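Take a look at the letters that make up each chain.
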Amino acid sequence: MKRSADSNVAAAEAPKRHARQDPVSCESCRKKKLKCDRTQPCSSCSARKIDCTYGGSLPGPRPSIQPSQTEGRPVSDSLPAPPRTLRWTPRQDMRTQIRNGDESLQTVDWLETIVMGHRVPSAVPVTLRAELSPRNGDTSLSQQAPVLGQAGNPPGSRIASTENPSTIHLPSYLPPLAEALGLFRYYCNYLDFQYHIIITRQVEEQIKHIYDCVAGNRAINLAHTALLFSITASALYYQLLGEASEHAEQVSQEATFLTGAALIQGNYIGYPTIEGLQATMIIGHQLSNLSLPSSVSSLFLHRSCVGQAISMRLHMIDSPTQVSERSSSGFQKTSTELKRRLWWDLASYDWLIGFLSGPQEWIYSIQPQHMVVNIPLNVEDEDIEQTHHNQQISIPTVMSYSLCRMKLAVWCRQVVEETSHYHLHGREVPYETILTLDRKLHKMCAEIPSFYRFDQNSRREFSQLYRDRNIIAWQRAMVQQGYYSRFCRLHRDYFVRGAKDPRYSYSHVVSLQSARKILETKRKMDEEEPVFKPHSSCVWSIMHHVFMAAAILLIDVCFNWDDILAERRKEEVLDACRMLSRAQQSSPIAREGINAMMGILRKHWKHEQRPVSRGLQNDPVPSTSGTSQISRQDPLTPVSMGSGSATSVQQASVNQSALDPPVTLSHDVAPLEDVWAEMLEGGVHAELDTPDWTVLWNELTNVTLSNE
């Protein structure tokens, strides 16, 4: 103890040792814990337009320090992992570039990384790390970064989702500007028409500004970067479905992770932005089927999006308080209109899924009494600032489809309000309530704009419009399927009873008519111009409606096998089955989803056959081994759809557990048409008063979560 005390006294009395060398960084960089490039003035001070001063002499070369001097830690362990792009290129690894650079710069970087690397904000990575790579003339990071769209990584290479989202070096993952703009235009041409939640001109300017900042070694706007990555993720996914479907999900997962990383680094949860909300909504709409890394997946949940919108007070954008604030301070109409569109998109989605099977059925979270938001204007984006009055719904604009979707969402909310009490308490909904809701939906169908109808007069009148604006023709098909699928959904509890009980015969007739309308709409998508790009079979929400319509016809034939038109109805069912078979061959998405729904259909079909087989020598239903035939179907090579292919709606995830038990794919499988033909022949033995048909409809609907 005494020796220790003496040592302390001696140390206290000894004069303080001066630093071996003047600091190499300027005073501003030292205070902010930033790396200084040691020029006069340094780039960091130049970017911030502040005085750049040094405590001593101007920076000069400093002696190199051996790795053993860095607090006993190996240098290779202290260096952060170099950022990797979504594809491999033969460019030199970052560590190799460091070794070829100036050794004094290496040493300073190593020391700063060891001591405070975790504290250096990655929001400004270009400025802080530019000197780590040799300067090659005017080549920018955007030119050095490889393209996101190229599929495939070399074995053992690291990908973005393996990094820490809060520290990943985002600019290194940006595609070249030309490709970024190409993917953005692809999104606008083929994906934006259903959920129009961006202003095209604004987003294009934001993308260009990101690359200007990268080229000028300035900090990038993280909210704008998140929006760019979300658009990239969506465009790449649907583009690669027709070109390299096996890589579509992998590449989109990476871009989605980068979207989340940009939001995390920008502290989006604490300080939400409009661009950040747009990014989360694009991923939520277009790519909810992907298995995202847990570190970012919660950002894209619908409830999270609603919470962020409420934080920005979008639910009260037209309240007297906010209207007064805008009037006194001045505002841009475009910004206000965009906020209305975002909120109504969230509300529409919330109300639509309340009328779908699943955990969210018979409930919604956005209460209309708790929002004060005007309906968005029916105007083109470029006309918002000059518009003084709303245009009629009969005039086609970029918002026409969204407005039709909003009306359908309001009706779905009314269905939940009128019927949820009965469903949640296990009681049957009064049939008069069903008929009242049916009349409201028929009235809405009558008010659909003429350019969204399939009658001969409308098709002739707007034929030139469909050629000039393909998306109007695609939206027309989506509107028709969306409305008629709700008729089937509304009446399904009374559909089977209506086949025998005259009191409910209206539900039986309406369900059959609506199912035939859905199938006819799909035929027109495939046969008439303009054809969907890619084929409509790649749009799973469309194929989900088609399967449900075909199942309605199938069950009707089985319970009306003695009808005078039974043979004609059987051929109608088989024709719908052939439509599903063609979709299986042309789209891996359709094949996977149809197989899942077939697994559910066969499960219930087997359940109904066993008690009524009554001594039959040959059970008409496929055996246990036959039950797994469809799920063992060999994946077919998707038909090429061209480089301009894209899909237009959000796909929903296919529940793999529906194919229970999972089996290995086999080449020897029965064609889908043969399986349905066997069901038609065996349907004569099915009982009418089964309690499980509602369960069947629920499970078929819940195979995927349709998000139209």
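Remember, predicted model here, so these are calculated numbers, not experimental data.

Undergrad: Explain the overall build of the chain to me, please; I cannot follow it from the model alone.
TA: Scanning the chain for helices and strands turns up 29 helices and zero strands. Residues counted as buried form 53% of the 708 residues belonging to the chain. Accessible surface computed for the chain: about 32,300 Å², of which carbon and sulfur atoms make up 51%.

Undergrad: Where do I start with the packing of helix H23 (residues 505-527) against helix H24 (residues 540-559) in this structure?
TA: Their axes nearest at 9 Å, the elements H23 and H24 cross at an angle of 135°. Looking at the two axes, H23 sits oblique to H24. Crossing hand, H23 versus H24: left-handed. Contact with H23, carried on its side by His508, Ser511, Leu512, Ala515, Arg516, Ile518, Leu519, Lys522 and Met525, involves Ile542, Met543, His545, Val546, Ala549, Ala550, Ile552, Leu553 and Asp556 of H24 and no other residues of that element. Here the contact of H23 with H24 is built from residues that sort into 12 nonpolar, three polar and three charged.

Undergrad: Honestly, the side chain of arginine 341 in this entry has me stumped. Any pointers?
TA: Among the secondary structure elements, arginine 341 is positioned in helix H17 (residues 333-353). With sequence-adjacent residues up to four places away left out, arginine 341 is seen in contact with His196, Ile198, Ile199, Pro376, Val379, Asp381, Ile384 and Met399.

Undergrad: How should the pattern of salt bridges be read in this particular structure?
TA: Once their charged atoms are close, side chains differing in charge can pair, the charge on each being opposite to the other. The final tally for this structure, using the stated rule, is 23 salt bridges. With a shortest N-O distance of 3.4 Å, glutamate 417 and arginine 413 are connected by a salt bridge. Note that glutamate 417 and arginine 413 are positioned in helix H18 (residues 400-424) at a spacing of four residues, about one turn of the helix. Accessibility expressed as a relative area gives 38% for glutamate 417, which makes it partly exposed. With a shortest N-O distance of 3.7 Å, lysine 570 and glutamate 567 are connected by a salt bridge. Within this pair, lysine 570 and its partner glutamate 567 are both found in helix H25 (residues 566-586), separated by three residues, close to a single helical turn. Its relative accessible area of 15% is what places lysine 570 among the buried residues. Among the residues examined, glutamate 567 registers a relative accessible area of 57% and is labelled exposed. Residues joined in a network through salt bridges with shared partners are Asp318, Arg326, Glu337 and Arg340.

Undergrad: I tried to follow the nonpolar core on my own but got confused; where do I start?
TA: Buried together is how nonpolar side chains tend to be arranged in soluble globular proteins. Membership of the largest hydrophobic core comes to 168 residues, with the highest contact counts inside it found for Trp411 and Trp676. Dropping the residues within four chain positions of it, tryptophan 676 is found in contact with Phe547, Ala550, Ala551, Leu554, Val573, Leu574, Cys577, Leu580, Met598 and Leu601. The next biggest cluster of nonpolar side chains, apart from the first, holds eight residues, and it includes Cys26, Leu34, Cys36 and Cys42.

Undergrad: Help me out: how do you make sense of the side chain of glutamine 481 in this one?
TA: Positionally, glutamine 481 belongs in helix H22 (residues 470-498). The exposure class assigned to glutamine 481 is buried, which follows from its relative accessible area of 1%. Contact partners of glutamine 481, with chain neighbours within four places excluded, come to Ile518, Thr521, Lys522, Met525, Ile542, His545 and Val546.

Undergrad: How should I be thinking about unusual backbone geometry in this particular structure?
TA: Across the chain, the bulk of peptide bonds are trans and the bulk of non-glycine residues have phi less than zero. Even without glycine at this site, asparagine 267 takes up a positive phi of about 55°. Along the chain, the position of asparagine 267 falls in the loop between helix H12 (245-265) and helix H13 (274-286). Take asparagine 267: its relative accessible area is 38%, and that puts it in the partly exposed class.

Undergrad: How should I be thinking about the confidence of the model for the chain in this particular structure?
TA: Reading predicted coordinates in detail is not appropriate for stretches of low pLDDT. Of all residues in the chain, 69% attain a pLDDT of 70 or more, and the chain-wide mean is 74. Segment residues 1-5 is flagged for pLDDT under 50; beyond a separation of four residues in sequence, or across chains, it makes zero contacts in the model. Contacts from residues 607-669, a stretch scored under 50 in pLDDT, to residues over four places away or in other chains number 147 contacts.

Undergrad: I'm lost on the packing of aromatic side chains in this one. Help?
TA: The way to describe two aromatic rings as a pair is by their centre distance and the angle between their planes. The tally for this structure, following the rule as stated, stands at 15 aromatic pairs. Geometrically, the ring pair formed by phenylalanine 451 and phenylalanine 462 is edge-to-face, given 5.9 Å between the ring centres and 80° between the ring planes. Taken together, the positions of phenylalanine 451 in the loop between helix H19 (431-446) and helix H20 (456-461) and phenylalanine 462 in the loop between H20 and helix H21 (463-468) put the pair 11 residues apart, joining distant regions of the chain. For the pair shown, phenylalanine 451 and phenylalanine 462 are each scored as buried. Members of the aromatic cluster, each reached through a chain of ring pairs, are Tyr186, Tyr190, Phe193 and Trp474. Geometry around tryptophan 351 places arginine 413 over its ring, the cationic atom sitting 4.6 Å from the centre. The ring centre of tyrosine 504 lies 5.2 Å from the NZ or CZ of arginine 497, which sits over that ring.

Parameters at a glance
Residues numbered from 1 in each chain as written. Predicted model: local features only at pLDDT ≥ 70, side-chain atom pairs only at ≥ 80, totals over all residues. Heavy atoms only, no water. Helix = DSSP H or I, 4+ residues; strand = E, 2+ residues; numbered from the N terminus. Buried < 20%, exposed > 50% of the residue type's maximum accessible area, 1.4 Å probe, protein only. Areas by Shrake-Rupley, 256 points an atom, 1.4 Å probe, with all protein chains shown as cover. Axes fitted to C-alpha atoms, helices over the stretch in contact; angles between N-to-C directions. Parallel < 35°, antiparallel > 145°, perpendicular 65-115°, else oblique. Left-handed = near helix turned anticlockwise from the far one by under 90°. Contact = heavy atoms within 4.5 Å. Nonpolar A, V, L, I, M, F, W, Y, C, P; charged D, E, K, R; others polar. Salt bridge = Lys/Arg side-chain N within 4 Å of Asp/Glu carboxyl O. Core = buried A, V, L, I, M, F, W, Y, C linked by side-chain atoms within 4.5 Å. pLDDT = per-residue confidence, 0-100. Phe/Tyr/Trp six-rings, centres within 6.5 Å; stacked < 30°, edge-to-face > 60°. Lys NZ or Arg CZ within 6 Å of the ring centre and 35° of its normal.

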